[in-house]
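The chain contents come next:
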Amino acid sequence: MLIVADENIPLLESFFGDIGEIRRVKGRGLTRSEVQDADILLVRSVTRVDRELLEGTRVRFVGTATIGTDHVDVEWLTEQGIGFSAAPGCNARSVAEYVLAVISLFADQRELCDWSTLSVGIVGAGNVGSELARMLERLDFDVKLCDPPRQDAEPENADNFVNLSEALACDVVSFHTPLTRTGEYPTHHMVSDQQLSELNSDQLLINAGRGEVVDGAALMRRLELPDAPVVVLDVWENEPAIDSELVDKVWLATPHIAGYSLEGKMQGTEMVYQALCRFLGLPVRKKAGQFLPEPALSNMSFTRNAIEDEALRLALGACYDPRKDDLRLRRVMKEEGGTRAEAFDRLRRDYPVRRECSSLKIHLKGSSKSLQDRFRAMGFKLKI
């Protein structure tokens, strides 16, 4: 059995090596000739999987080690009897921690002693948005959820949601919607001139969902005007050939890596492995946890003199600081125009190991229950 797989999927040999022969390929620009003799195709979000790619091939199962499926023509796969699995929620914690790290830096910029005084509007309450909301609420942030499809589908919970304008009125607005172009609530360019005009310089806009949700041209126009919002982009229109001028304009720019924690990527591989085993009628013998290496930083200690917010944000920053990814992206954007797209993909392919908060054990001596609860809310392990 031949398994053709994106070279950026981690632990391919560990999970799939005893199922079939593995052929690693570059996911972006994958062609039919490269999958012609494949039985299994494993991809990430950069590969468009549809009739054009697969018609006439041997492929009978497609797995994407990502939470999104807008790059896959699921309907066509179903019509052809080709098995399919995504990895919904695999990197939800990773993206939530990315957003939390950005909010922490924003609070530092605003010289806020208590970061939880910031209100946060979350647009898109799927796996990622819901995980972010749970974390923020346990940290005492005021959170407003905007998700019209869910609001319609859950009339009993309608009061738990707000409209887009109400979400845009929050201090921080974070987007986590899928990319849709049809239906009652399309998300393509859902943030354009009108929505951007409602934001001001005291607000932070984060897009770590899909690049095309925000109209890049409209964002450029808004950022050139007075009183523009502070903007953080992890996802971009026209990836990997992103707009270098827009990179220059935003506060933080990262190369679509919000979900790239080691734990998130490994869980994505594990979920596709489990689905393939079910499809083939094989026993599920492996779990991501058995392959997790020891983290470079495993312990931090705080005494009874620690200030709560400072301790939380110090531990979070020790796990992940988005400014490092911002510097890497800005550096490659200075290369010649023709090589920037390749450099963008290279940053993702060669992304350094990043661990989630759960990899770090926090030692607390004489601390308050409040601090303990807040560390737990962020996923840290505690020793008291």
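What you see is a predicted model, and the numbers here were worked out from it, not measured in a lab.

## Let's talk about the overall build of the chain
The number of helices and strands found in the chain is 16 helices and 14 strands. Over its C-alpha atoms the chain spans a radius of gyration of 21 Å, differing by no more than 12% from the 21 Å that the globule rule assigns to 384 residues. Taking the principal axes of its C-alpha atoms as reference, the chain extends roughly 60 × 50 × 50 Å. Counting contacts in the chain only where the partners sit at least 6 residues apart, residues at least 24 apart contribute 62% of the total. When the accessible surface of the chain is summed, it comes to about 17,200 Å², and 47% of that surface belongs to carbon and sulfur atoms. Mean positive and mean negative side-chain charge positions of the chain (47 and 60 charges, respectively) differ by 7 Å.

## Points about the sheet that holds strand S14 (residues 381-383)
In spatial order, the strands read S12-S13-S14; together these three strands make up an open sheet with parallel pairing. Looking at the sheet topology across the chains shown, the edges are occupied by strand S12 (299-302) and S14. Sheet twist, expressed as the average angle between the axes of neighbouring strands with direction ignored, equals 25°. For S12 and strand S13 (residues 361-364), the ladder comprises four bridges, and the chain directions are parallel. Within S13, the position partnered with Met300 by the bridge is Ile362. Contacts from helix H13 (residues 308-319) reach S12 and S13, with the element oriented near 165° to S12. Relative to S13, helix H16 (residues 369-377) is tilted by about 180°, and along the sheet it contacts S12, S13 and S14.

## Digging into the environment of Ala288
Looking at the secondary structure, you find Ala288 in the loop between helix H12 (262-280) and S12. Ala288 has contacts with Phe15, Met266, Gln267 and Glu270, leaving out every residue within four places of it along the chain.

## A few points about the environment of Ile103
Relative to the assigned elements, Ile103 resides in helix H5 (residues 92-109). Look at Ile103 and you get buried, because its relative accessible area is 0%. Along the backbone, Ile103 and Cys170 are 67 residues apart, and their C-alpha atoms lie at a distance of 13 Å. Sequence-distant contacts of Ile103, that is, excluding residues within four places in its chain, are made with Trp115, Leu118, Val120, Leu136, Phe141, Val172 and Ile206.

## So, the sheet that holds strand S1 (residues 2-6)
Strand order in the open sheet made by the five strands is S2-S1-S3-S4-S5, with parallel pairing throughout. The sheet is open, and its two borders are formed by strand S2 (21-25) and strand S5 (83-85), each paired with just one other strand. When the angles between neighbouring strand axes are averaged without regard to direction, this sheet yields 15°. Pairing between strand S3 (residues 40-43) and strand S4 (residues 61-64): four bridges, direction parallel. When the sheet's bridge partners are listed, Leu41 is paired in S4 with Val62. Against the sheet, H12 engages S3, S4 and S5, with an angle of about 165° to S4.

## Considerations on the state of the cysteines
Going through the model one piece at a time under the given rule, you end up with zero disulfides. A disulfide-free cysteine, Cys90 has its sulfur positioned 17 Å from the sulfur of Cys277, the nearest such atom. According to the relative accessible area criterion, Cys90 is buried, its value standing at 5%. Summary of cysteine pairing: Cys357 is not part of a disulfide, and the nearest cysteine sulfur, belonging to Cys319, is at 4.4 Å.

## Some thoughts on a negative patch on the surface
A cluster of acidic residues, Glu224, Asp243, Glu245 and Asp248, forms a negative patch on the protein surface. Assignment of secondary structure puts Glu224 in the loop between helix H10 (216-223) and strand S10 (230-233).

The rules we used
Residues numbered from 1 in each chain as written. Predicted model: local features only at pLDDT ≥ 70, side-chain atom pairs only at ≥ 80, totals over all residues. Heavy atoms only, no water. Helix = DSSP H or I, 4+ residues; strand = E, 2+ residues; numbered from the N terminus. Rg over C-alpha atoms; globule rule 2.2 N^0.38 Å. Contact = heavy atoms within 4.5 Å. Areas by Shrake-Rupley, 256 points an atom, 1.4 Å probe, with all protein chains shown as cover. Lys, Arg positive; Asp, Glu negative; His and termini not counted. Charge placed at Lys NZ, Arg CZ, Asp CG, Glu CD. Pairing = 2+ DSSP bridges. Axes fitted to C-alpha atoms, helices over the stretch in contact; angles between N-to-C directions. Buried < 20%, exposed > 50% of the residue type's maximum accessible area, 1.4 Å probe, protein only. Disulfide = S-S within 2.5 Å. Patch = residues over 30% accessible without salt bridge, like charges linked within 9 Å, V, L, I, M, F, W, Y side chains within 5 Å. Salt bridge = Lys/Arg side-chain N within 4 Å of Asp/Glu carboxyl O.

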